[in-house]
Amino acid sequence: MVSIQNGMRCSPAWIFFCFCSLPLLLLALPMPPKGAGVAPASHACRLRKISFQQSYIRNRTYTLARLARLSDQDTDNRLIGQQLYINVQETNRCYVMKRVIEIIVDEVLLSASKNRYPHIQEVAQFLAALSTELSGCKFSGYREHIEKNLEEMKDKMKQLGVSGKNKAIGELDLLFDYMENACTEAPKRIFTNKGGNKKKN
C-alpha cells in the first residue's frame, strides 16, 4: 500500500520528465530520405519509349519532313535545334519540347493543306497525343529563358511567313527525335553535321 502511494506521489515528476524529454527523443529519431513518399516532379515529364518505336508513325513523320524540305530553300534558319535549350536546365527540356509540339500542332499542322502534305493529319494527331500525355509536365525553377527561346522560335517562323510553316513541317523529323531524346528514360544523342543532316549514335 505504501509503495502504491509513493508511486502516485512520483507520477507528476515522471510526467514532467517525459514531457520535457519527448522533443529530444523526436529529434534523435532518424529522418526519412529527402523526397521519400513524394513522386518526383520529373515523372510527369516522361513518355514511354514504345511511343517512338512504332515504325508506321515514324515513317509517316520522316516522309512528311523530307517532302517539305524539297521546297525549303532557306538553309540559314532552323526552328528545331539546340538553341531551344539555351540557359535551360536539362530537367526542363521535355517541358520545352512539349511546348514546341503545342505550337507546331496549333499554328502549323492543323491549318496545313492535306493535299500538299499527305498524312499530315495522322502526324498531328500523334504529336497532339504526346502533348496530352505530358499534360502534367511542368517546368521547375525559372521560366524566363524557356519563354524567351520559344518566343524567338515563333517570331522566326512568323517572319518567314508561308516558308516558315513549311520549314516547321520539314523539321518534324528533328522534332520527333528531340522529343524522344528529352522525354524518354533512355534518350539518344542527336548530332548534326555542317550540312544539317542528322547523325545518331
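For the chain, the count of helices and strands is seven helices and two strands. Along the chain, from the amino end to the carboxyl end, the secondary structure elements read α-α-α-α-α-α-α-β-β. Within the chain, contacts between residues separated by at least 24 positions form 81% of all contacts whose residues are at least 6 apart in sequence. In the structure as shown, the chain presents an accessible area of about 12,800 Å², 59% of it carried by carbon and sulfur atoms.

Next up on the list: the nonpolar core. When a protein is soluble and globular, its nonpolar side chains tend to lie buried together. Ranked by size, the top nonpolar core spans 48 residues in total, and within it V100, L109, L127, I169 and L172 carry the most contacts. Counting residues per element, the ones that place at least two in this core are α2 (55–69), α3 (93–107), α4 (120–133), α5 (144–159), α6 (162–170) and α7 (172–183). The element best represented in this core is α3, accounting for nine residues. What I169 contacts, discounting residues up to four positions off in sequence, is L64, A65, A68, V108, L109, A112, Y117 and I120.

A separate point is the packing of aromatic side chains. Applying the stated criterion across every chain yields a total of six aromatic pairs. Taking the centre distance of 6.5 Å and the plane angle of 85° together, the rings of F52 and F126 count as edge-to-face. Residue F52 is located in the loop between α1 (2–28) and α2, and its partner F126 is located in helix α4; the two are separated by 74 residues in the primary sequence. The residues F52 and F126 share a single accessibility class, namely buried. An angle of 55° between the planes, with centres 5.7 Å apart, marks the rings of Y95 and F139 as tilted.

This part covers the side chain of R99. Among the secondary structure elements, R99 is positioned in helix α3. Apart from residues lying up to four places away in sequence, R99 is in contact with R143, E147 and L150.

On to the pattern of salt bridges. Overall, the coordinates contain eleven salt bridges when judged by the stated rule. Here E180 makes a salt bridge to R58, at a shortest N to O gap of 3.3 Å. Note that E180 is positioned in helix α7 and R58 in helix α2, a separation of 122 residues in sequence. With a closest N to O distance of 3.7 Å, R60 and E122 form a salt bridge. Taken as a pair, R60 in helix α2 and E122 in helix α4 lie far apart in primary sequence, 62 residues in all. If you follow the salt bridges from partner to partner, you end up with K49, R58, D177 and E180 in one network.

Given a relative accessible area of 3%, E180 falls into the buried group. At a separation of 2.9 Å, a polar atom in the side chain of E180 contacts the side chain of K49. For E180, the side chain forms a polar contact with the side chain of R58, separated by 3.3 Å.

The subject of this paragraph is α5. Along an α-helix, residues three or four positions apart point the same way, because every turn accommodates 3.6 residues. Across its 16 residues, α5 extends 22 Å between first and last C-alpha, which sits within 8% of the 22 Å expected from 1.5 Å per residue. Every buried residue belonging to α5 is among I146, N149, L150, M153, K154 and M157, and all of these are buried. The arc that holds every buried residue of α5, seen down its axis, measures 135°, which confines them to one face. Turned more than 90 degrees off the buried face of α5, the exposed positions are E144, K158 and Q159. Looking at the buried positions of α5, the neighbouring elements they touch are α3 and α6.

About the thresholds
Residues numbered from 1 in each chain as written. Predicted model: local features only at pLDDT ≥ 70, side-chain atom pairs only at ≥ 80, totals over all residues. Heavy atoms only, no water. Helix = DSSP H or I, 4+ residues; strand = E, 2+ residues; numbered from the N terminus. Contact = heavy atoms within 4.5 Å. Areas by Shrake-Rupley, 256 points an atom, 1.4 Å probe, with all protein chains shown as cover. Core = buried A, V, L, I, M, F, W, Y, C linked by side-chain atoms within 4.5 Å. Buried < 20%, exposed > 50% of the residue type's maximum accessible area, 1.4 Å probe, protein only. Phe/Tyr/Trp six-rings, centres within 6.5 Å; stacked < 30°, edge-to-face > 60°. Salt bridge = Lys/Arg side-chain N within 4 Å of Asp/Glu carboxyl O. Polar contact = N/O pair within 3.5 Å; in protein donor to acceptor, adjacent residues only side chain to side chain. Expected span 1.5 Å × (residues − 1). Arc of directions from axis to C-beta.

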